[in-house]
Amino acid sequence: MNRKALTVVLVLLVLLGSSPLTQGKSNGIQNQSSGCNCHSQSGTPAATVTMTGQPSQYTAGATSTLSISVSNGVSGNNGGFSLEVDKGTLSSGIGFAVNVNGAQNSATHSITGSSQRSWSVDWIAPSTGSGVATLSVAAMTADGSSGNTGDRWAIASYQISEAGAVANTPPSVSNVMLGPNGATTTSSLTLSYTYSDTNNDPESGTQIQWFKDDVEQIGLQGLTISASSTLKGEDWKATVTPSDGSDAGAPQTSNTLTIANSIPTLTTPIIQPSSPSSDDNLTFSSTSSDDDADQVHFDIHWFLDGVLVPELNDIETLPSFATRDGESWTVEVRANDTEGTSPWQTSSTVMIGGGQTNTPPVASVVELNPSTIYTTDDFSVSYIFTDVDGDTEVDSEISWFLNNAPFAFAENSMTLPSTFTEKDQSWFAKVRVNDGTEWSTWYSSNTVQIQNSAPITESITLSHSEATTTESITVEYTMSDIDGDSESNSEITWWRNGIKKSSLTGLTTLSDVSTLKGEVWTVMVKAGDGTEVSATALSANVTIVNSAPTVSLTLSSNVTALGPLQVDISTGDADGDEVESHITWYRNGFLYGSLTGELSVPNHLLGPGQTWAVHVTPTDSNSTSGTTVIETITVLNIEPTAQINVQNEVIWIGELTVLDATQSSDIDGRIVEAAWSWIDTAGFIGSDSGFEIQMIPLANTVVTLTVIDDMGATSTANVQLSGIQGPVVTDFNTDSKGKSVVLEWGWDGPNATFNILRNGVLVGTTASESYVDTPLFAGDTSYTIQPQIGDMILVAGTSGAQSIMIEPAATEAPGPSSIGGLISGILFLLIGIAASGFALMGRRD
């Protein structure tokens, strides 16, 4: 062993030798996290244990250093702890203040650690999937007296969930109640509550705070406060802060209990002397107590021969001059603390002097009359007075009992009025008699039961005085019952033409299936209260009269102008009478008289949008008419049919195409509008309106026609225009020959005529493929050849313009004439305007 190691060992030995050796568990105790039973909780104030360093969630195998400390409690530095874990393991780490057991699931202080109040221990987290770990600790503050008293300890518990587990939800408490209600200084206060935790965590570490007159009572713990801790008038409540060992929930405060006054108690009084003479003052002895330490006085009643003597109330000593030989005296006493009184306590009776002893009288044959009693009956009590001493009856007392409870309102009355009684009540009376000296004992009568009184039927009404065979008849009636009973099991009978129909007994409704025209029905009612029915029946009558016939209609559905519109009629009569139907038709609200009695409407009268109504009234053989039934229908519009007519035999790209909608039709009206739209393969779109349009397709084109009829209905049709390249003028040449211009061209189409345009003005038409023109003026001149097939001038087939220079003539022209030039100019201007107009009309895009 080297010197350094030896030094360390010596230092440790010195430390161990200097540590105070305490008695009991100074070397700690394992597996005692619920508290140390060997140490009392007599020290004050309360201790508080805390633990830090534990993770909110653990990772398997991770080490956490736990710091445990205990504070408050008794003064000093001595202390100890006991820690338990249900998952993971413990390690004492560095130092000698902590010991860990062999199972590594519990740690406690060592002898060295008993002189301190904080400790450290390592906790190694359990393996993955172990679930919530619970760490429970108890710690104590010791007074160092080497005994088990005067110390104070506290406990705490912590729950640690595994990392990645669902986050802990704090628990909650409800129904926090402090009892008992009406607690006095003799009552222990008990706190109850309901603990809830959505994670199903067990309750651990819940804090209870007690408050007296809104001041927290440090040091009071647990769910019970002993009666010795309370005083009258104090207000007590408690606050519960729930904990599952990991998180604390919201605190909840109980109701407030005010400590009520405790009723004083009293022992039975004893009259002294026990055998008095007429010269003795009478007094009594009795002991009272009051848990609130209130000032207590006596309320005192003196009874002479059983009769209260009010003038002697509250006199503790009865003077001798108030007594006579042969009198019987009793005292009744109760304790009073000015807030409450004890029950009356009655002494034994004492007899004054040694005179002749009186024998109490007797009341016999105590009976209630009559023996059978209804709620309408008054009844009385009778008895026979006897006295063996031959004394006469001086007084009597009668007490009535309702359902075995005293009934004070008829005290000392021989007769009990019916106004006091109700059905099913149980009554008896007690009687005692007095012979002028003593009272007899109490004698009880027979017990009688108040019997049910039958109800009275007050009124009866029927829902009909006359009814048809299609109407059910209901009876209603009223009743009175002195017992206050509700209607039940009434006797109801039905009579047809004076003959009772037993199958209908008890029914309040006479069904229409039971009646026939001409019958007279009578109902008789005796109202019942569930026990009896009234003695007298009331009756009412109803006569069954003719039933009106009925009719039902069915009109054709989806009616158009093409029809059909007809009505199907079904009639019925509950009495079996023959039924005729009166039929009328209305168009757009106006009667169409010619159709009266008809079952259908001719098609030529129908038009879209019309509203037709049929009214049918049934009448039976008794000339009784039923309810007129009306059915209405609106004539539906038939959609038009759109059809596109392409007038061109051949569709040439770039050339005028004529389309019309004249072949479209509307079978029940007319077409009022035609709308066109088109789109070609190049994406060009266009639109137009009218029953005939002109368009120039530039590629394959889809044309859509939408027609609208006079009712707003629409129909569409489509046509695809597949255009082909049309004929064109080719090889167009111009040649000047003197004053003339020779035009020649080629043509690859069908027979056509050709319009010759000079400077855009039509100057000639030919069916050949050449033309000679003699222009009037020299200069640059433009020519265009425009083909025309029938009435259609081809636009795409027109040639391009060719220009040629016309040279002036070599010979000298005659001198100019101003008038001739003016006329020629006007003429050429008019020709040019006309040609331009013709060209524009011929080409419409």
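Here the structure is a predicted model, which means the values were calculated and not measured.

**A few points about the overall build of the chain**
Inference 1: In terms of helices and strands, the chain carries 2 helices and 68 strands.
Inference 2: Once the C-alpha set of the chain is aligned to its principal axes, its extents read approximately 195 × 135 × 60 Å.
Inference 3: Residues counted as buried form 39% of the 845 residues belonging to the chain.
Inference 4: The long-range share in the chain, meaning contacts at least 24 apart out of those at least 6 apart in sequence, stands at 63%.
Inference 5: Taken as a whole, the chain presents about 43,700 Å² of accessible surface, with 51% of it coming from carbon and sulfur.
Inference 6: Distance between charge centroids for the chain: 11 Å, based on 26 positive and 91 negative side chains.

**Thoughts on the environment of Ser-715**
Inference 1: Tracing the sequence through the fold places Ser-715 in strand E59 (residues 714–721).
Inference 2: Taking the C-alpha atoms as reference, Ser-715 lies 116 Å from Asn-313; in sequence the two are 402 residues apart.
Inference 3: Each residue touching Ser-715, except ones within four places of it in the same chain, is listed here: Pro-640, Thr-641, Ala-642, Leu-705, Thr-706 and Val-707.
Inference 4: Polar side-chain contacts of Ser-715 include one of 3.2 Å to the backbone oxygen of Pro-640.

**Focus on the pattern of salt bridges**
Inference 1: Under the criterion given, the structure shown has 11 salt bridges.
Inference 2: Salt-bridge contacts for Glu-234 lead to Lys-212; the nearest nitrogen and oxygen are separated by 3.7 Å. Of this pair, Glu-234 sits in the loop between strand E15 (224–225) and strand E16 (235–241) while Lys-212 sits in strand E13 (residues 207–212), placing them 22 residues apart in sequence.
Inference 3: A relative accessible area of 24% places Lys-212 in the partly exposed class.
Inference 4: Residue Glu-397 is joined to Arg-432 by a salt bridge in which the shortest nitrogen-to-oxygen separation is 2.9 Å. Of the two residues, Glu-397 is situated in strand E31 (residues 395–402) and Arg-432 in strand E34 (residues 426–434); the sequence distance between them amounts to 35 residues.
Inference 5: Owing to a relative accessible area of 22%, Glu-397 belongs among the partly exposed residues under this scheme.
Inference 6: By relative accessible area, which is 16% here, Arg-432 ends up buried.
Inference 7: Each member of the salt-bridge network shares a partner with another, and the members are Lys-232, Asp-294 and Glu-339.

**Quick look at the nonpolar core**
Nonpolar side chains tend to gather and get buried jointly when the protein is soluble and globular.
Inference 1: One finds Ile-68, Phe-81, Leu-83, Val-121, Trp-123, Leu-135 and Val-137 to be the most contacted residues of the largest nonpolar core, which totals 26 residues.
Inference 2: Elements supplying a minimum of two residues to this core: strand E1 (47–52), strand E3 (63–72), strand E4 (79–85), strand E8 (118–124), strand E9 (133–141) and strand E10 (152–162).
Inference 3: Ignoring any residue separated from it by four or fewer positions in sequence, one finds Ile-68 in contact with Val-49, Thr-50, Met-51, Phe-81, Leu-83, Arg-117, Ser-118, Trp-119, Val-121 and Val-137.
Inference 4: Within the second largest apolar cluster, 19 residues are counted, among which are Tyr-383, Trp-400, Phe-407 and Val-431.

**Some details on unusual backbone geometry**
Inference 1: Put simply, Gln-272 and Pro-273 share a cis peptide bond, and its omega is -5°.
Inference 2: For Pro-273, the position within the fold is in the loop between strand E20 (270–272) and strand E21 (283–285).
Inference 3: Residue Asn-369 is joined to Pro-370 through a cis peptide bond whose omega torsion reads -5°.
Inference 4: Inspection of the secondary structure puts Pro-370 in the loop between strand E28 (362–369) and strand E29 (373–374).
Inference 5: Phi at Asn-497 takes a positive value of approximately 50°, unusual for a residue other than glycine.
Inference 6: Relative to the helices and strands, Asn-497 resides in the loop between strand E40 (491–496) and strand E41 (499–500).

**Some points on the sheet that holds strand E12 (residues 189–196)**
Inference 1: Taken together, 3 strands build an open sheet; the order of strands is E11-E12-E15 and the sheet is antiparallel. Edge strands, defined here as strands with exactly one partner in the open sheet, are strand E11 (172–179) and E15.
Inference 2: The pairing of E11 with E12 spans 6 bridges and is classified as antiparallel. What sits directly across from Ser-174, in E12, is Thr-194.

**Description of the packing of aromatic side chains**
We describe a pair of aromatic rings using the distance from one ring centre to the other and the angle between the two ring planes.
Inference 1: What the rule picks out here adds up to 15 aromatic pairs.
Inference 2: With a centroid separation of 5.8 Å and an interplanar angle of 80°, the aromatic rings of Phe-379 and Trp-400 are classed as edge-to-face. One end of the pair, Phe-379, is in strand E30 (residues 379–386); the other, Trp-400, is in strand E31, and 21 residues separate them in sequence. Of the two residues examined, Phe-379 and Trp-400, each falls in the buried class.
Inference 3: Grouping aromatic residues by their ring pairs yields a cluster made of Phe-379, Trp-400, Phe-407, Phe-409, Phe-420 and Trp-427.
Inference 4: One Lys or Arg, Arg-432, reaches over the ring of Trp-439 and ends 4.5 Å from the middle of that ring.

**Focus on the sheet that holds strand E38 (residues 466–468)**
Inference 1: Reading across the sheet, the 5 strands line up as E38-E44-E43-E40-E41 and stay open at both edges, with mixed pairing between neighbours. Where the open sheet ends on each side, the last strands, each with one partner, are E38 and E41.

**A short note on the side chain of Gln-159**
Inference 1: Mapped onto the secondary structure, Gln-159 falls in strand E10.
Inference 2: For Gln-159, the residues in contact, after removing those within four places along its chain, are Val-132, Ala-133, Thr-134, Asp-201, Pro-202, Asp-244, Gly-245 and Ser-246.

**Points about the layout of surface pockets**
Inference 1: There is about 970 Å³ of room inside the largest pocket.
Inference 2: If you go around the largest pocket, you meet 40 residues; those closest to its centre are Ile-155, Gly-205, Thr-206, Gln-207 and Gln-221.
Inference 3: Broken down by secondary-structure element, the contributors of at least two residues to the lining of the largest pocket are E1, E9, E10 and E13.
Inference 4: Here the lining of the largest pocket gets 6 residues from one element, more than from any other, and that element is E10.
Inference 5: Of the residues belonging to the lining of the largest pocket, the class tally is 17 nonpolar, 20 polar and 3 charged.

**Brief notes about the side chain of Asp-435**
Inference 1: Looking at the secondary structure, you find Asp-435 in the loop between E34 and strand E35 (443–444).
Inference 2: One buried charged residue, Asp-435, forms no salt bridge at all, with the nearest opposite charge on Arg-432 at 11 Å.
Inference 3: Leave out the neighbours within four places in its chain, and Asp-435 touches Asn-358, Thr-359, Pro-360, Pro-361, Phe-385, Asp-387, Asp-391, Thr-392 and Val-394.

**A closer look at the confidence of the model for the chain**
Inference 1: Here the chain shows a mean pLDDT of 87. Residues at 70 or above account for 91%.
Inference 2: When the criterion is pLDDT under 50, residues 838–845 qualifies, and its contacts beyond four places in sequence or with other chains add up to 10 contacts.

**Observations concerning a nonpolar patch on the surface**
Inference 1: Taken together, Ile-679, Ile-685 and Val-702 make up a surface patch of nonpolar side chains, about 250 Å² in accessible area.
Inference 2: Mapped onto the elements of the fold, Val-702 is located in strand E58 (residues 701–709).
Inference 3: Accessibility expressed as a relative area gives 35% for Val-702, which makes it partly exposed.

**Re the pairing of strand E65 (residues 770–773)**
Inference 1: A one-sided burial pattern is seen for E65, the buried positions being Tyr-771 and Asp-773 and the unburied ones Ser-770 and Val-772.
Inference 2: Across 4 bridges, strand E62 (residues 740–747) lies against E65 in antiparallel orientation. Counterpart to Val-742 in the pairing with E65 is Val-772.

**Brief notes about the environment of Thr-415**
Inference 1: Looking at where Thr-415 falls in the secondary structure, it is placed in strand E33 (residues 415–416).
Inference 2: On the basis of relative accessible area, Thr-415 is assigned to the partly exposed category, the value being 38%.
Inference 3: Residues Thr-415 and Asp-688, 273 residues apart in the sequence, show an inter-C-alpha distance of 114 Å.
Inference 4: The contact partners of Thr-415, leaving out residues within four places of it in the chain, are Asp-378, Phe-379, Ser-380 and Trp-400.

Definitions and limits used
Residues numbered from 1 in each chain as written. Predicted model: local features only at pLDDT ≥ 70, side-chain atom pairs only at ≥ 80, totals over all residues. Heavy atoms only, no water. Helix = DSSP H or I, 4+ residues; strand = E, 2+ residues; numbered from the N terminus. Buried < 20%, exposed > 50% of the residue type's maximum accessible area, 1.4 Å probe, protein only. Contact = heavy atoms within 4.5 Å. Areas by Shrake-Rupley, 256 points an atom, 1.4 Å probe, with all protein chains shown as cover. Lys, Arg positive; Asp, Glu negative; His and termini not counted. Charge placed at Lys NZ, Arg CZ, Asp CG, Glu CD. Polar contact = N/O pair within 3.5 Å; in protein donor to acceptor, adjacent residues only side chain to side chain. Salt bridge = Lys/Arg side-chain N within 4 Å of Asp/Glu carboxyl O. Core = buried A, V, L, I, M, F, W, Y, C linked by side-chain atoms within 4.5 Å. Pairing = 2+ DSSP bridges. Phe/Tyr/Trp six-rings, centres within 6.5 Å; stacked < 30°, edge-to-face > 60°. Lys NZ or Arg CZ within 6 Å of the ring centre and 35° of its normal. 1 Å grid on protein atoms, 1.4 Å probe; cavity = no way out; pocket = protein on both sides within 12 Å on 5 of 7 lines; lining within 4 Å. Points joined across faces, edges and corners; volume = space filled by probe spheres on them. Nonpolar A, V, L, I, M, F, W, Y, C, P; charged D, E, K, R; others polar. pLDDT = per-residue confidence, 0-100. Patch = residues over 30% accessible without salt bridge, like charges linked within 9 Å, V, L, I, M, F, W, Y side chains within 5 Å.

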